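Each chain, written out:
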Amino acid sequence: MNYQTVRGLVPKLWGDLDNENENPAGRDEKPKIDFAVHIGMAGPKLVYSIERRAHRDGYAMKDVDGEFLRDQDRKLREGQKWVWHGEPPELLTDFDLDDVLVRWKGHSPVGFSLHSFSQSLLVWF
Amino acid sequence: MVLDADRIQDNLDLRISEDAGRYLCDFIYFSSMAHLRKAGKKRNVVFLHVPSDCAEQNIANGKELVIQLVRSLVESELARRGKLGKPTGN
């Protein structure tokens with residue numbers, strides 16, 4: 001993955017958010033996104049983490065193509081047109097992760113009950 | 001959908017992280033959330049970090065955990081809207 005590819009891809013993943021509810025003619029073409037889960041590999045440690053926040057600045061590492069992000073330069077060049085102009089230094093997910101974690105841990109033990117799962121499945125759908 | 005509970009390892013380490021690592025994962029997560037914020041939408045997105053080890057047991061665990069995470073996200077959101085109860089934390 002490289003930085004520029006990601007920047008170009010993200011808006012496409014989310015589709016036309018502005019048009020979601022306002023375009024009856026186009027409604028059948030694109031499904032409405034309820035939510036999204038990004039999944040990425042961390043390191044070798046056997047830990048599964050849900051991330052609460054992400055950062056605007058400080059991307060100092062080269063990407064897989066050996067390119068730096070160079071957002072410091074980009075900010076100076078593009079000013080108000082910079083893609084992240086006006087964004088705060090950190091953004092947090094709107095999910096209540098403390099609540100999600102309790103549920104996630106509760107649903108992931110050994111020997112869980114198939115009965116309780118099938119009840120939840122009805123609610124889910 | 002069939003869940004194979006017998007294949008999931010016990011005592012898996014599940015946690016919340018406050019540091020996504022300032023590399024491509026952190027970057028794509030911020031890109032997504034900034035896109036939503038700019039569009040005036042809720043940030044209904046989360047990033048899951050998984051181990052890099054591709055051993056068969058880890059893949060099996062990972063699949064089950066993703067399914068349970070999606071389920072937990074749905075339940076959490078429904079509970080927030082008053083349509084579901086608090087977690088029992090069993």
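That block above? That's the structure.
Residues numbered from 1 in each chain as written. Chains lettered and ligands numbered in written order. Predicted model: local features only at pLDDT ≥ 70, side-chain atom pairs only at ≥ 80, totals over all residues. Heavy atoms only, no water.

Draft legend 1. Quick look at the overall build of chain A. Across its full length, chain A carries 4 helices and 4 strands. Going residue by residue from the N terminus, the α and β elements of chain A occur as α-β-β-β-α-β-α-α. By the burial criterion, 35% of the 125 residues in chain A qualify as buried. (Helix = DSSP H or I, 4+ residues; strand = E, 2+ residues; numbered from the N terminus. Buried < 20%, exposed > 50% of the residue type's maximum accessible area, 1.4 Å probe, protein only.)

Draft legend 2. Looking closely at the pairing of strand 2 (residues 47-51) of chain A. The buried count for strand 2 of chain A comes to 5 of 5 residues, which makes it a mostly enclosed element. Residues A:Val47, A:Ser49 and A:Glu51 of strand 2 of chain A are buried on one face, and the alternating residues A:Tyr48 and A:Ile50, pointing to the opposite face, are buried as well. When strand 2 of chain A meets strand 1 (residues 13-17) of chain B, the two strands line up parallel, connected through 5 bridges. Directly across from A:Ile50, in strand 1 of chain B, lies its bridge partner B:Ile16. (Pairing = 2+ DSSP bridges.)

Draft legend 3. Structural view of the packing of aromatic side chains. For the structure on display, the rule yields 8 aromatic pairs over all chains. Residues A:Trp82 and A:Trp84 carry aromatic rings whose centres are separated by 6.1 Å and whose planes lie at 65° to one another, so their mutual orientation is edge-to-face. When sorted by exposure, A:Trp82 lands in the same class as A:Trp84, which is buried. Centre to centre, the rings of B:Tyr29 and B:Phe47 are 5.9 Å apart; their planes meet at 50°, and the pair counts as tilted. (Phe/Tyr/Trp six-rings, centres within 6.5 Å; stacked < 30°, edge-to-face > 60°.)

Draft legend 4. Quick peek at helix 2 (residues 56-80) of chain B. When the terminal C-alpha atoms of helix 2 of chain B are compared, their 36 Å separation across 25 residues agrees well with the 36 Å that a helix rising 1.5 Å per residue should span. Residue B:Gly82 follows helix 2 of chain B closely and has a positive phi angle near 80°. (Expected span 1.5 Å × (residues − 1).)

Draft legend 5. View of the sheet that holds strand 2 of chain A. Across the sheet, 4 strands lie side by side as 1(A)-2(B)-2(A)-1(B); this open sheet has mixed pairing. Both outer strands of the open sheet, strand 1 (36-41) of chain A together with strand 1 of chain B, are each paired with one neighbouring strand and no more. Between one strand and the next, the sheet's axes are offset by a mean angle of 25°, whatever the strand orientation. Against the sheet, helix 1 (residues 24-38) of chain B engages strand 1 and strand 2 of chain A together with strand 2 (45-50) of chain B, with an angle of about 170° to strand 2 of chain B. Contacting strand 1 and strand 2 of chain A together with strand 1 and strand 2 of chain B, helix 2 of chain B runs over the sheet at an angle of about 30° to strand 2 of chain A. (Axes fitted to C-alpha atoms, helices over the stretch in contact; angles between N-to-C directions. Contact = heavy atoms within 4.5 Å.)

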